[in-house]
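Spelled out, the chains give:
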Amino acid sequence: MSQNSEVVVHQEHVHEAHAHVGEHVHRDDMGSKMGMWLFLFTEVLLFGGMFILYASYRFIYSDAYKVAAAELDTYIGTINTIILLASSCAVVLGIVALQRKNKGLCLGFLWFTQACGAAFMVNKYFEWTHKIHLGIYPKGPALADMSEGEVVFFGLYYVMTGLHGLHIIVGMIFIGTIMVMIQKNKITHDNYQKLENAGLYWHLVDVIWIFLFPLFYLIH
């Protein structure tokens, strides 16, 4: 091989090496997962404090809590529980589908999850608007005639279910962003940690509702 040919081959190797360096993308799946679990821990602390507050007032106003809980629609609460449980199953199936290189099926399950989240919020909207129509809202006419314990109950009801609803919206935005990344092949069958993080967040939102539902709707 002539000297000129050796120089050309060397330059090609250098260009290939630079190309590989340019394509390198830093990944830290374990760090990403740990960060997500730490974030979820702060969420648990937030709602844990609210559950402790709920329990403390329930001990003080146990009879008023029973009267106020009878005003809530157990049927809508049950439907929303089923919806969220189904959505959690869909997220898990979506992750499994992507692991098996079935991108279309994965997106289908995630679309189902989004539909469940929207259905939950629609039910919550009708439930809240019905209560507001009856005058059961902060400083509302019906609430003004209720006992102190009932006022505390509905105050916690609006704060805790409202904060949970906000988490549902954030979860839908999170999953929607992940869906776009899957569609653009930025999340693939061998690089799906972000999808798992979105699933963890959604599961936490579901678990919180599993506690909210009996505390407000079932315990009379």
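Residues numbered from 1 in each chain as written. Predicted model: local features only at pLDDT ≥ 70, side-chain atom pairs only at ≥ 80, totals over all residues. Heavy atoms only, no water.

1. Section: the overall build of the protein chain
Part 1: A tally of regular secondary structure across the protein chain gives eight helices and zero strands.
Part 2: Each helix (α) and strand (β) of the protein chain, taken in turn from the N terminus, gives the series α-α-α-α-α-α-α-α.
Part 3: Out of the 220 residues in the protein chain, the part that is buried amounts to 38%.
Part 4: A sequence separation of at least 24 residues applies to 82% of the contacts in the protein chain between residues at least 6 apart. (Helix = DSSP H or I, 4+ residues; strand = E, 2+ residues; numbered from the N terminus. Buried < 20%, exposed > 50% of the residue type's maximum accessible area, 1.4 Å probe, protein only. Contact = heavy atoms within 4.5 Å.)

2. Looking at the nonpolar core
Part 1: Core analysis: the largest hydrophobic core is formed by 55 residues, its most contacted members being Phe153, Phe154, Met160, Ile182, Leu195 and Phe216.
Part 2: Every residue in contact with isoleucine 182, bar those within four places of it in the chain, is listed here: Leu98, Lys103, Cys106, Leu107, Leu110, Ile187 and Leu195. (Core = buried A, V, L, I, M, F, W, Y, C linked by side-chain atoms within 4.5 Å.)

3. Thoughts on the confidence of the model for the protein chain
Part 1: Within the protein chain, residue pLDDT values average 88, and 88% of them lie at 70 or more.
Part 2: Predicted confidence in the protein chain is weakest over helix α1 (residues 3-23), with a mean pLDDT of 52, and strongest over helix α4 (residues 74-99), with 96. (pLDDT = per-residue confidence, 0-100.)

4. A look at unusual backbone geometry
Part 1: Positive phi outside glycine occurs at lysine 139, with the angle close to 70°.
Part 2: Along the chain, the position of lysine 139 falls in the loop between α5 (103-133) and α6 (141-144).
Part 3: Owing to a relative accessible area of 86%, lysine 139 belongs among the exposed residues under this scheme.
Part 4: Backbone geometry places asparagine 185, a non-glycine residue, at a positive phi of 60°.
Part 5: For asparagine 185, the position within the fold is in the loop between α7 (148-183) and α8 (193-218).

5. Thoughts on the pattern of salt bridges
Two side chains bearing opposite charge may form a pair once their charged atoms approach each other closely.
Part 1: If you walk through the whole model with that rule in mind, you get one salt bridge.
Part 2: Across the salt bridge formed by lysine 124 and glutamate 127, the nearest N and O atoms sit 2.9 Å from each other. Of the two residues, lysine 124 and glutamate 127 both sit in helix α5, three residues apart, roughly one turn of that helix.
Part 3: A residue is classified by how much of its surface remains accessible, and lysine 124, at 5% relative accessible area, is buried.
Part 4: Classification of glutamate 127 as buried rests on a relative accessible area of 2%. (Salt bridge = Lys/Arg side-chain N within 4 Å of Asp/Glu carboxyl O.)

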